[in-house]
Amino acid sequence: MDVATPFIEVANAIVEAGGKDLNLCYQCATCTGSCPWGYVEPLNIRQLIHLAQLGLEGYESEDLWKCTTCGTCKTRCPRGVGIIDLVRSIRMMIGETGLIPLTLRSALGSVRGDGNPWNGSRVERNRWAGPLQVPIFDKARTEYLLYGCCMASYDVRSRKIVEAAVRVLRAAGVTFGVMGQGEECCAESVRKIGEESLFERVAGSNIELFKAQGVEKIIVLSPHCYDAFKNDYPALGGKFQVVHIVEKIASLLLLDKLRLERPVKAKVTYHDPCYLGRHNNLFDPPRMILSKIPGLEFEEMYRARELSLCCGGGGGRMWMETKFGQRFSDLRIPEALAVGANVLATSCPYCVNMLQDSRLNLNKEEAIEVKDLTELVAESLV
Amino acid sequence: MSFEPRIVGILCNWCSYTGADLAGTSRMKYAPNVRVVRVMCSGRMDPTLVLKAFQEGADGVLLAGCHIGDCHYISGNLKTLRRIPLLKRVLVELGIEPERLRLEWVSASEGARYQGVVNEFVEQIRSLGPLDLEARRLPATASAS
Amino acid sequence: MASKIGVYVCHCGMNIAGTVDVPAVIEAAKAMPRVALSKEYKFACSDPGQEMIKQDIKAHGLDAIVVAACSPLMHEKTFRRAVEAAGLNPFLLSIANIREQGSWVTEDPAKATEKAKAIVAGAVFRAARQEPLEMRSVEIHRAALVVGGGIAGIQAALDLADSGIPTTLVERQPSIGGYMAMFDKTFPTLDCSACILTPKMTAVGQHENIKLMAYSEVESVSGFVGNFQVRIRRKAAYVDHTKCNGCGMCMEKCPYKAPSEFDQGLSQRRAIYVPFAQAVPNKPVIDPATCVRFKGKKCKTCIKFCEPGAIDFEQKDSVEEVTVGSIVVATGFQPMDAKKIPQLAYGRHPEVYTALEFERLNNAAGPTQGKILTKDGRVPQSVAILNCTGSRDTNYHEYCSRVCCMYALKYAHLIKEKLHEATVFDFYIDMRCFGKGYEEFYRRLQDEGVRFIRGKAAQVFGGKEYKAIANAAGFIDGLEDHQLVVQAEDSLLGKLIRVPVDMVVLTPAVEARADADEVGRKFLVSRGADGFFLEQHPKLAPVSTTNDGVYIAGACQGPKDIPDSVAQGSAAAGKALGLIARREVEVEGTTASVVDELCSGCKCCLTLCAYNAISFDADRHRSSINEVLCKGCGTCVASCPSSAIKAKHFTDEQIFAEIEGLMSM
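Residues numbered from 1 in each chain as written. Chains lettered and ligands numbered in written order. Predicted model: local features only at pLDDT ≥ 70, side-chain atom pairs only at ≥ 80, totals over all residues. Heavy atoms only, no water.

## What to know about the overall build of chain B
Inference 1: The helix and strand tally for chain B stands at 5 helices and 4 strands.
Inference 2: For chain B, the α and β elements follow one another from N to C terminus as β-α-β-α-β-α-β-α-α.
Inference 3: Rg of the C-alpha trace for chain B: 16 Å, near the compact-globule value of 15 Å for 145 residues, within the 12% margin.
Inference 4: Based on the C-alpha atoms only, the size of chain B along its principal axes is roughly 50 × 35 × 20 Å.
Inference 5: Sorting the 145 residues of chain B into buried and exposed places 59% on the buried side.
Inference 6: Across chain B, the fraction of contacts at a sequence separation of at least 24, relative to all contacts at a separation of at least 6, is 81%.
Inference 7: Accessible area of chain B: about 5700 Å², with a carbon and sulfur share of 57%.
Inference 8: Taking the 18 positively charged and 15 negatively charged side chains of chain B as two groups, their mean positions are separated by 4 Å. (Helix = DSSP H or I, 4+ residues; strand = E, 2+ residues; numbered from the N terminus. Rg over C-alpha atoms; globule rule 2.2 N^0.38 Å. Buried < 20%, exposed > 50% of the residue type's maximum accessible area, 1.4 Å probe, protein only. Contact = heavy atoms within 4.5 Å. Areas by Shrake-Rupley, 256 points an atom, 1.4 Å probe, with all protein chains shown as cover. Lys, Arg positive; Asp, Glu negative; His and termini not counted. Charge placed at Lys NZ, Arg CZ, Asp CG, Glu CD.)

## What to know about the pattern of salt bridges
Inference 1: Under the criterion given, the structure shown has 75 salt bridges over all chains.
Inference 2: Ionic pairing is found between R38 of chain B and E76 of chain C, a salt bridge with its closest N-O pair at 3.6 Å. With R38 of chain B in strand β2 (residues 34–39) and E76 of chain C in helix α4 (residues 72–85), this pair bridges two chains. Across the pair, E76 of chain C and R38 of chain B agree in class, each one buried.
Inference 3: Here the residues in one salt-bridge network are D85, R88, R191, E196 and D232 of chain A, joined through shared partners. (Salt bridge = Lys/Arg side-chain N within 4 Å of Asp/Glu carboxyl O.)

## What to know about the nonpolar core
Inference 1: Counting residues in hydrophobic clusters, the biggest one holds 115 residues, and the most contacted among them are L146, F229, L258 and L376 of chain A.
Inference 2: Counting residues per element, this core draws most heavily on helix α8 (residues 156–171) of chain A, at 7 residues.
Inference 3: When neighbours within four sequence positions are excluded, L146 of chain A is seen to be in contact with W128, V162, V166, L169, F176, G177, V178, I219 and L221 of chain A.
Inference 4: Listed in part, the 60 residues of the second largest apolar core include L190, I327, Y399 and Y407 of chain C. (Core = buried A, V, L, I, M, F, W, Y, C linked by side-chain atoms within 4.5 Å.)

## Digging into the sheet that holds strand β4 (residues 93–97) of chain C
All names here are of chain C.
Inference 1: Strand order across the open sheet formed by 4 strands is β2-β1-β3-β4, with parallel pairing between neighbours. Of all strands in the sheet, those with a lone pairing partner are β2 (35–41) and β4, marking the two edges. Strand-to-strand twist of the sheet, defined as the mean angle between neighbouring strand axes without regard to direction, takes the value 15°.
Inference 2: Where helix α6 (residues 109–129) meets the sheet, its contacts fall on β1 (5–10), β2, β3 (64–69) and β4, and the angle it forms with β4 comes to roughly 165°. (Pairing = 2+ DSSP bridges. Axes fitted to C-alpha atoms, helices over the stretch in contact; angles between N-to-C directions.)

## Concerning the interface of chain C and chain B
Inference 1: Between chain C and chain B, the residue contacts involve 50 residues of the former and 51 residues of the latter.
Inference 2: For the chain C and chain B pair, buried surface summed over both sides reaches about 4500 Å², with 61% attributable to carbon and sulfur atoms.
Inference 3: Area buried by chain C at its contact with chain B is led by Q101, W104 and M663 of chain C, which between them contribute 15% of it.
Inference 4: Viewed at the interface, chain B and chain C are joined by 3 salt bridges.
Inference 5: D652 of chain C serves as the salt-bridge partner of R44 of chain B, at 2.7 Å between the closest nitrogen and oxygen.
Inference 6: The interface formed by chain C and chain B includes 17 residue pairs in polar contact (both at pLDDT 80 or more).
Inference 7: For the side of chain C that touches chain B, the secondary structure elements donating two or more residues are α4, α5 (99–103), α6, β11 (216–224), α15 (516–523), α17 (635–639) and α18 (652–663) of chain C.
Inference 8: A total of 8 residues in the side of chain C that touches chain B trace back to one element, the largest contributor, which is α18 of chain C.
Inference 9: In terms of residue class, the side of chain C that touches chain B is made up of 22 nonpolar, 15 polar and 13 charged. (Buried area = accessible area lost by both parts, 1.4 Å probe. Polar contact = N/O pair within 3.5 Å; in protein donor to acceptor, adjacent residues only side chain to side chain. Nonpolar A, V, L, I, M, F, W, Y, C, P; charged D, E, K, R; others polar.)

## Quick word on the side chain of R38 of chain B
Inference 1: With relative accessibility at 17%, the residue R38 of chain B sits in the buried group.
Inference 2: One polar contact links R38 of chain B to N13 of chain B, side chain to side chain, over a distance of 2.8 Å.
Inference 3: Those residues in contact with R38 of chain B that lie beyond four places of it in its chain are L11, N13 and Y17 of chain B together with P72, L73, E76, F650 and E658 of chain C.

## Structural notes on the packing of helix α1 (residues 8–16) of chain A against helix α5 (residues 83–96) of chain A
Residues and elements named next belong to chain A.
Inference 1: Running from N to C, α1 and α5 point in directions that differ by 115°, and their axes come no closer than 8 Å. When the axis of α1 is compared with that of α5, the two are roughly perpendicular. Where α1 crosses over α5, the handedness of that crossing is right-handed. Residues V10, A13 and I14 of α1 pack against S89, I90 and M93 of α5.
Inference 2: Considered class by class, the residues forming the contact of α1 with α5 number 5 nonpolar, 1 polar and no charged. (Parallel < 35°, antiparallel > 145°, perpendicular 65-115°, else oblique. Left-handed = near helix turned anticlockwise from the far one by under 90°.)

## Let's talk about the state of the cysteines
Linking two cysteines covalently through their sulfur atoms gives a disulfide.
Inference 1: Applying the stated criterion across every chain yields a total of 2 disulfides over all chains.
Inference 2: Here C192 of chain C engages in a disulfide with C195 of chain C; their sulfurs sit 2.3 Å apart. Disulfide C192 of chain C to C195 of chain C: torsion about the S-S bond roughly 85°, handedness right-handed.
Inference 3: With no disulfide of its own, C348 of chain A has C351 of chain A as its nearest cysteine by sulfur position, at a separation of 3.9 Å.
Inference 4: The class for C348 of chain A is buried, based on a relative accessible area of 0%. (Disulfide = S-S within 2.5 Å.)

## Quick notes on the pairing of strand β12 (residues 227–234) of chain C
All names here are of chain C.
Inference 1: Relative to β12, β11 is paired through 8 bridges, and the arrangement is antiparallel. Across the sheet, residue E217 finds its bridge partner in β12, namely R233.
Inference 2: Counting the residues that bridge the hairpin from β11 to β12 gives 2 residues, and of these G226 lies at a positive phi of roughly 90°.
Inference 3: By the bridge criterion, 7 bridges tie β12 to strand β17 (residues 318–324) in an arrangement that is antiparallel. Bridging across to β17, R231 finds its partner in E321.

## Observations regarding the packing of aromatic side chains
Inference 1: The full count for this structure, using the stated rule, is 27 aromatic pairs over all chains.
Inference 2: Three or more aromatic residues joined by ring pairs make a cluster, and in this case those are Y147, F199, F210, F229, Y233 and F240 of chain A.
Inference 3: In this structure, R27 of chain B packs its charged tip against the face of W104 of chain C, placed 3.6 Å from the ring centre.
Inference 4: The ring centre of F183 of chain C lies 5.1 Å from the NZ or CZ of K410 of chain C, which sits over that ring. (Phe/Tyr/Trp six-rings, centres within 6.5 Å; stacked < 30°, edge-to-face > 60°. Lys NZ or Arg CZ within 6 Å of the ring centre and 35° of its normal.)

## Re empty space enclosed by the protein
Residues and elements named next belong to chain A.
Inference 1: Within the structure shown, the criterion is met by 15 cavities of 30 Å³ or more.
Inference 2: In this structure, the largest cavity encloses a volume near 120 Å³.
Inference 3: Along its surface, the largest cavity is lined by 15 residues, and C35, P36, C67, C70 and C73 are the ones closest to its centre.
Inference 4: Of all the secondary structure elements, the ones that give two or more residues to the lining of the largest cavity are α4 (72–76) and α5.
Inference 5: Across the lining of the largest cavity, the residue classes break down as 10 nonpolar, 5 polar and no charged. (1 Å grid on protein atoms, 1.4 Å probe; cavity = no way out; pocket = protein on both sides within 12 Å on 5 of 7 lines; lining within 4 Å. Points joined across faces, edges and corners; volume = space filled by probe spheres on them.)

## A look at helix α3 (residues 45–53) of chain A
Inference 1: Of the positions making up α3 of chain A, those classed as buried are I45, R46, L48, I49, A52 and Q53 of chain A. Down the axis, α3 of chain A shows its buried residues gathered within 160° of arc, on one side only.
Inference 2: Looking at the buried residues of α3 of chain A, the elements they touch are α1, α2 (30–34) and α5 of chain A together with β25 (484–490) of chain C.
Inference 3: Positive phi appears at G55 of chain A, one or two residues downstream of α3 of chain A, with a value of about 65°. (Arc of directions from axis to C-beta.)

## Focus: a negative patch on the surface
Inference 1: On the surface, E84, E134, E139, E584 and E586 of chain C cluster together into a negatively charged patch.
Inference 2: By secondary structure assignment, the location of E586 of chain C is in strand β30 (residues 584–587). (Patch = residues over 30% accessible without salt bridge, like charges linked within 9 Å, V, L, I, M, F, W, Y side chains within 5 Å.)

What follows is the structure, encoded as structure tokens:
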């Protein structure tokens, strides 16, 4: 057995870096027992917290970068510890010593240089808008800024989601435009990786740009952008009305501005994205939308709503290699098949990507499709 | 220096004063601007007490009693409720914004509500600015004469 | 008017002095008009503190006293006694509340000090104008009311009645007994719950001094200490209990059924029913939600079989009014709804039970005659008990529910006793075994072979759910569909563990009843942040409330086990008895009176008084107030157009002065 001596200065530094709840943890172990890593290779988040409480070594291990910030532990923590803030502040401290995993460094570098984490060129940003004839945001003519997420600009699969969103919004008579090349990544993941100063710089530049253009309302496609704009930007002076596309569609349906009349013959189950569900409590609108699509049969998975299983793409994990056998999304596909679904719907470009990969890796192309909810809505338009 | 409102609170003994005490025993923090007078019932809240408070330099007056139906003296709070509209009209005549007088119901178990009411009212008075009754009344007197 | 005022500023240890700059307040007070001396003291309410005030009054000839300390609701009486002992009229004291409404609620010390100065000035200005008053004696009605017929209320009622006090016991359910009547055995002694409770229930039913009003609710309370008027609504039972001989034929024959509340829905009762066999009173009631006659059907079964002809569908709710000197509120708790925690699968999987369900399952008089069986009739081979279901959890209840660790041990014992082969797992965060014989009981259960797992159960899976997950993740399962899996980290091992079991028992938090707010308002008892009723002092006045004459007992004040509930029941009865034994109580003479020469005879006041205390003398053309009837609310004072009514101790001059004082700083 090892002998350890507490190093309280380190613990205090973590508290100062934003992990203000560190000392509240009473080691009940709910976090470890709730963590999705438990299904593949358990991550002992409780022990990590206790090590940090005593400033002992060990919390800086690889485990630290495993957390997907899914929020399962945080929402269940009986002491209300902001475990994600804690992980973030520990990562921040480790980041200062240069111990960030290599693949993450590359993504961060791309954000720093090109305003997106995908090593894409700035000129590519929002280029998808051209062929679709989506105008540049102009506060006199367009009510909403449509913020497509870096995924829409740099990922082929996600482009289909933004195309669907454009169709749906047009059908309902919503006016919207895009920001063009000046906008940058929302930087939600940058913050979770622990690069606070880069986050503040990128977010600050977005806020300045949006304000200069007179943006008041923003529609986002990604729950990650949603979370950043809604929960992180206000502290930096960016107070916008942010709606996620599912919220918007749900309200358009309620106001009878959108009619879904074309039947969609599919048996659908729904995967709650962490940042839409657990982080922002949007559990009901997606289900309401699905109930309005004619012909569609809906079946709930056991791990639904608060119990939803993370796809594995949050907290910077999108840019890290996850070994085969450790991918949460590989567990999700069979779960969807077990309830007899032939479409696994979700409403997050990260989730779509991760689940899509698993569908292919598991050779389930025939059995099930992965779709964004917006795409299903677009299919149901006449 | 920024404006710190001075507010007189008149609280009934059974509900609101006890509720305010509960905020204390629960260590809830709130704005220190309200100075409290305890009366047995909100029914005792005579309009002259309110006018006296404004005369003595209060920027706002908060009256608080038991919720309707819960009055310790059966119906004292109803009598007060009825006095307020007329009193507000008198305030207008005197050049005092009627928003400077507020009537709230706070039960003995609503420490958090008392905290909220005080904080909100202090902010409201802060945005209305100082009453400065003397300065206001000079022009009124001039035009009357 | 007083001209030599003594001001005393209390530190209350650090409670005041930690935030308020006491010396600065002392200095400010010295400069206030008519202040002769101004002093500070660590604990003004202590004997030496009071002694100092008494000495000063005599030595310096002080004619009014201001004590700046805690709320007047806390210690006004203490200081009045001190002032009186020094020969000064107690109404020449004024309290400045600089703790509850000062130091405790203000973050910034400088602002807290400024506020304290203003509050003291208010009290000083007021004190100068206070007048001597005499206390009034009011006779205490020699009767008591106990609300709630659980074990705490039963104990309180028996103690009062045994002392010869006519006592009314009101219970909302058709029978007294409360939760204790549902239990099989009690920890740590393993006494049979019914065996120790039933005699007490019977004693209540037969006691000459107890008027038992079951199936009844308190509708309203008015009056004051010594003289409370309480309206009690007796719900229509549709059975004339004076005729009913309790034969039970009606219940046997009634064709309509509903889930039994007493058995937690694990069995059925009839539309006409008594909740359980030992019920007191043992007379049935008809549940109008189940009986088809209330839905327009013509069923007459119960009428036909009732020999004494006690069935009465014309019966209506009736309201009775009783006058009592003191009241004991013992309205109990409710268990938290375990469905609020989705990961624990309650309501989704049939073999996840709440504690009360398990009590019934395990009770010899319960739905399985005490056999521990799954819903499909199997004998469980393994049972997991999950501690802290919604307790010690800021998402639900931050407090510890105090009883769950112990009854979890009790369950473990009962399972081991009945099913020798079964394995019992107890998932805990900390074992809290603080009572007499409790730690010994824990040791005994370890010896009996219960497996303790140190880690809060994070997730419960149904067998089918788990298999779907396990197949995908490549776990070995070998699990039956009807089984469950409990997942937790054993924090002592630092390992994630999954335990397959046949049954899961949750321990839902003890919480304040859903209607506690309404009940609290009825009895003017305040509630703490946790929702439970608030005692006057957490240590020194645990069963008293800020409403004189109203006491609280049992789990309505906070989670409590049986011994503590019984102790509080007795304590509350003792306090109520002590009050009644005084025969009369002094109440403040703070009534209103008409100043004859100012009254114009306009009669405005006559209709305002809720107590009909004001009468009009037509010959003299003046109003006058009967001070025996007057409760001192001051409503008439505020409404008199001639300012002819004076509220003693709350005169216009006194309040004006207080406002001047508050605004002078």
